[in-house]
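What follows is each chain in one-letter form.
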Protein chains: 2
Amino acid sequence: MTNSLTKLSLGKLYGIGVGPGDPELITLKGLRLLKGVPVVAFPAGLAGKVGIAERIVQQWLQPDQVHLALNFPYVQDAKTLTAAWQAAAEQVWQHLAQGQDVAFVSEGDVSFYSTFTYLAQTLLQTHPEVEAQTIPGVCSPLAAAAGLGIPLTIWNQRLAILPALHTVSDLETAIATADVVVLLKVSSVYEQVWTILKQQGLLQQSYVVERATLPEQMIYADLSDRPHLKLPYFSLLIVQVYHADLG
Amino acid sequence: MTNSLTKLSLGKLYGIGVGPGDPELITLKGLRLLKGVPVVAFPAGLAGKVGIAERIVQQWLQPDQVHLALNFPYVQDAKTLTAAWQAAAEQVWQHLAQGQDVAFVSEGDVSFYSTFTYLAQTLLQTHPEVEAQTIPGVCSPLAAAAGLGIPLTIWNQRLAILPALHTVSDLETAIATADVVVLLKVSSVYEQVWTILKQQGLLQQSYVVERATLPEQMIYADLSDRPHLKLPYFSLLIVQVYHADLG
């Protein structure tokens, strides 16, 4: 007697970068996959609020889709984070194991400092048989440059990108070795950054963009008179260290 | 007698980043604007061939749109380049002056080492009254990471991006000061780059991606046995200098 049970095939995990905030900056591919899957997952918002990625895709969520808000705490503690990633991976696995494809949506791009990496790597440690695919998206430095109406980089310019929260001590090195420096997640270290930029005489060629491409986008060009700024978590700072020589 | 002539309003210039190659990686906003303008401009292909940006948007070009192939020579000579930018800006201006909006499409993103910057800056020098708007797109390092199935950066990693053609002498500095290094336009200096990566013991953590997201995409992971590679112009190299410490 042959085994008549068909082995259920696993669902596939998609990581979709849905862009910096304006819902219209999702890619056609991201939107097609998003609409086609039975399960859409996203980072849960803080304090019961709608999260950024969820807000971006809200208008395209289908009533018959399962919506999975996964909890990723905004903390630095490795133990707490690892536990949260494992719990989130387990929630996603429950659906994959039933043969359901899951799309995890993330603001910006999914290969660029994205929660998707932690989720996917945690899941693949326990379930290496899962197939994961990433769909790239527009990342925040490009959106900020578009909002400012300036090129981020041209010609022979060297670009350095630092997650400022962890690497503010590297800012002077970046200024010395790159032509354009982008600091991500700058809010909690802004005053420290401002002092370094003042010492280096770079405040006039520095820009802060809050919530790029969203209706509440704020732009600060020339930081000379702004030693203090109350910024939201998703703020970035661009320093044009050297103007490029065209041609 | 009042002047009965109505002043013709100028057309607007859009710079649209249409993504790395896969036409489905254009954004909804880029596609909407692209379809709505009377004039679509793009860099002319080499030797009469269809250019990369034109190929990406070909399926959405409307028969009643003017298609403007602008000549941007692949040379380093400043005088030749400046003359080409001026000629291209003049062609675009002819349409703007008649009140027609022009969308210039560019592969990747329009703020990231893009021909659009040279075109727009040249045009605005002569005609500062022109309104220009940029629509960000997916840039090639993100597309390459998605193709490789690896994160480009996570957590506290510092990223350096170098246009290798001009800055290969900066590679050792970038390796010493960043955790992930991306070299754009690596083809003409590949052997020099390989030698440096060999000296630094980094060949196994280095990847080359040719024509990311196009059907002819090629991936080389681990460059140990590849001292020579014949690469097309749009190839990039990613060096994972340090693996990030999760959490």
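Look up: the structure comes first, before these words.
Below you will find a few notes about this structure. One numbering rule holds for all chains: residues counted from 1, following each sequence as written. Here every chain gets a letter starting at A, and every ligand a number starting at 1, in the order they are written. Where local features are concerned, this predicted model is filtered to residues with pLDDT of at least 70; where side-chain atom pairs are given and counted, the filter is 80 or more; whole-chain, interface and lining totals use all residues. Hydrogens and water are ignored here; the side-chain numbers use all heavy atoms of the structure.

Remarks on the overall build of chain A
Threshold: Helix and strand definitions here come from DSSP, where helices need a minimum of 4 consecutive H or I residues and strands a minimum of 2 consecutive E residues; each element is numbered from the N-terminal end. Whether a residue is buried, partly exposed or exposed follows from its accessible area with a 1.4 Å probe, protein chains only, as a fraction of its type maximum: under 20%, in between, or over 50%, in that order. Note on definitions: a residue-residue contact is assigned when non-hydrogen atoms from the two residues lie within 4.5 Å. For accessible areas, the Shrake-Rupley method is used with a probe of radius 1.4 Å. Any residue's cover is judged against the shown protein chains and nothing else. Under the counting rule used here, the positive set is Lys and Arg, the negative set is Asp and Glu, and His together with the chain ends is not counted. Taken as the charge centre is NZ of Lys, CZ of Arg, CG of Asp or CD of Glu, depending on the residue.
Counting its regular elements, chain A contains 8 helices and 10 strands. Counting only C-alpha atoms, chain A reaches 80 × 35 × 35 Å along its principal axes. Looking at chain A as a whole, 55% of its 247 residues qualify as buried. Of the contacts made within chain A by residues no fewer than 6 positions apart, 70% connect residues no fewer than 24 positions apart. Of the roughly 10800 Å² that chain A leaves accessible, carbon and sulfur atoms contribute 50%. Averaging the coordinates of the 14 positive side-chain charges in chain A and doing the same for the 20 negative ones gives two points 3 Å apart.

Details of the relation of the copies chain A and chain B
One copy of the chain maps onto the second through a rotation around an axis plus a translation along that axis. Condition: The least-squares superposition of copies is restricted to C-alpha atoms, and to residues with a pLDDT of at least 70 in both copies.
For the pair chain A and chain B, the superposition axis carries a translation of 0.0 Å, the fit reaches an RMSD of 0.0 Å, and the rotation angle comes to 180 degrees. Here the two chains are linked by the operation of a two-fold rotation axis. Most of the interface of chain A is mirrored in chain B, where 100% of its interface residues again form contacts.

Notes on helix α8 (residues 190-199) of chain B
All names here are of chain B. Threshold: The arc in question is traced by the directions running from the helix axis to the C-beta atoms.
Listed in full, the buried residues belonging to α8 are Y190, V193, W194, I196 and L197. One face of α8 carries all of its buried residues, which in axial projection span an arc of 165 degrees. Among the exposed residues of α8, those oriented more than 90 degrees off its buried face are K198 and Q199. Structurally, α8 contributes buried residues whose contacts are with α7 (171-177), β7 (180-184), β8 (206-210) and β10 (235-240).

A look at the packing of aromatic side chains
Residues and elements named next belong to chain A. For clarity, the cut-off: The criterion for an aromatic pair is that two Phe, Tyr or Trp rings (for Trp, the six-membered ring) have centres within 6.5 Å, with stacked assigned to planes under 30 degrees apart, edge-to-face to planes over 60 apart and tilted to the rest.
Applying the stated rule across the entire model yields 14 aromatic pairs over all chains. Ring centres 6.0 Å apart and planes at 90 degrees place the aromatic pair F72 and F104 in the edge-to-face group. Here the residue F72 occupies a position in the loop between β3 (66-70) and α3 (78-97), and F104 occupies one in strand β4 (residues 102-106), the gap between them amounting to 32 residues. The interplanar angle of 75 degrees and the centroid separation of 4.9 Å between the aromatic rings of F112 and Y113 together place this pair among those described as edge-to-face. In this structure F112 comes out as buried when scored by relative accessible area, which is 9%. Residue Y113 is classed as buried on the basis of its relative accessible area of 12%.

A look at the sheet that holds strand β4 (residues 102-106) of chain B
Residue and element names in this part refer to chain B. Keep this limit in mind: Paired strands, in this sense, are two strands between which DSSP finds at least two bridges. Axis definition: a line fitted to C-alpha atoms, over the contacting stretch in the case of helices. Angles run 0 to 180 degrees between N-to-C directions.
Strand order in the open sheet formed by 5 strands is β3-β2-β4-β1-β5, and the pairing between neighbours is parallel. Only two strands of the sheet have a single neighbouring strand rather than two, namely β3 (66-70) and β5 (132-135). The mean angle between the axes of side-by-side strands here comes to 20 degrees, regardless of whether they run parallel or antiparallel. Note that strand β2 (residues 39-43) and β3 share 5 bridges and pair parallel. In the strand pairing of β3, F42 is matched with A69. On top of the sheet, helix α3 (residues 78-97) reaches β1 (13-17), β2, β3 and β4; it is set at about 160 degrees to β3, its chief contact.

Some remarks on a nonpolar patch on the surface
Residues and elements named next belong to chain A. Operational definition: For patch building, the residue pool is restricted to those with more than 30% relative accessible area and no salt bridge; the joining distance is 9 Å between like charges and 5 Å between nonpolar side chains (Val, Leu, Ile, Met, Phe, Trp, Tyr). Basic side-chain nitrogens of Lys or Arg form a salt bridge, by our definition, when they fall within 4 Å of a carboxyl oxygen of Asp or Glu.
Residues L46, I52, Y74, Y233 and F234 make up a contiguous nonpolar surface patch of roughly 450 Å² in combined accessible area. For L46, the location among the structural elements is in the loop between β2 (39-43) and α2 (52-57). The exposure class of L46 is exposed, given its relative accessible area of 51%.

A short note on the interface of chain A and chain B
Note the threshold: Buried area, as used here, totals the accessible surface that two parts lose on assembly, with accessibility defined by a 1.4 Å probe and the loss added over both.
Taken together, the contact pairs 54 residues of chain A with 54 residues of chain B. Of the roughly 4500 Å² buried at the junction of chain A and chain B (both faces included), carbon and sulfur atoms supply 67%. Where chain A packs against chain B, one counts 6 salt bridges. A salt bridge links A:E24 to B:R32; the shortest N-O distance between them is 2.5 Å.

Looking at the sheet that holds strand β7 (residues 180-184) of chain A
With respect to topology, 10 strands assemble into an open sheet ordered β9(A)-β8(A)-β10(A)-β7(A)-β6(A)-β6(B)-β7(B)-β10(B)-β8(B)-β9(B), the strand pairing being mixed. Looking at strand neighbours, the two that pair on one side only are β9 (218-221) of chain A together with β9 (218-221) of chain B, the edges of this open sheet. The sheet shows a mean angle of 15 degrees between the axes of neighbouring strands, taken without regard to direction. Across 5 bridges, the pairing between strand β8 (residues 206-210) of chain A and strand β10 (residues 235-240) of chain A is antiparallel.

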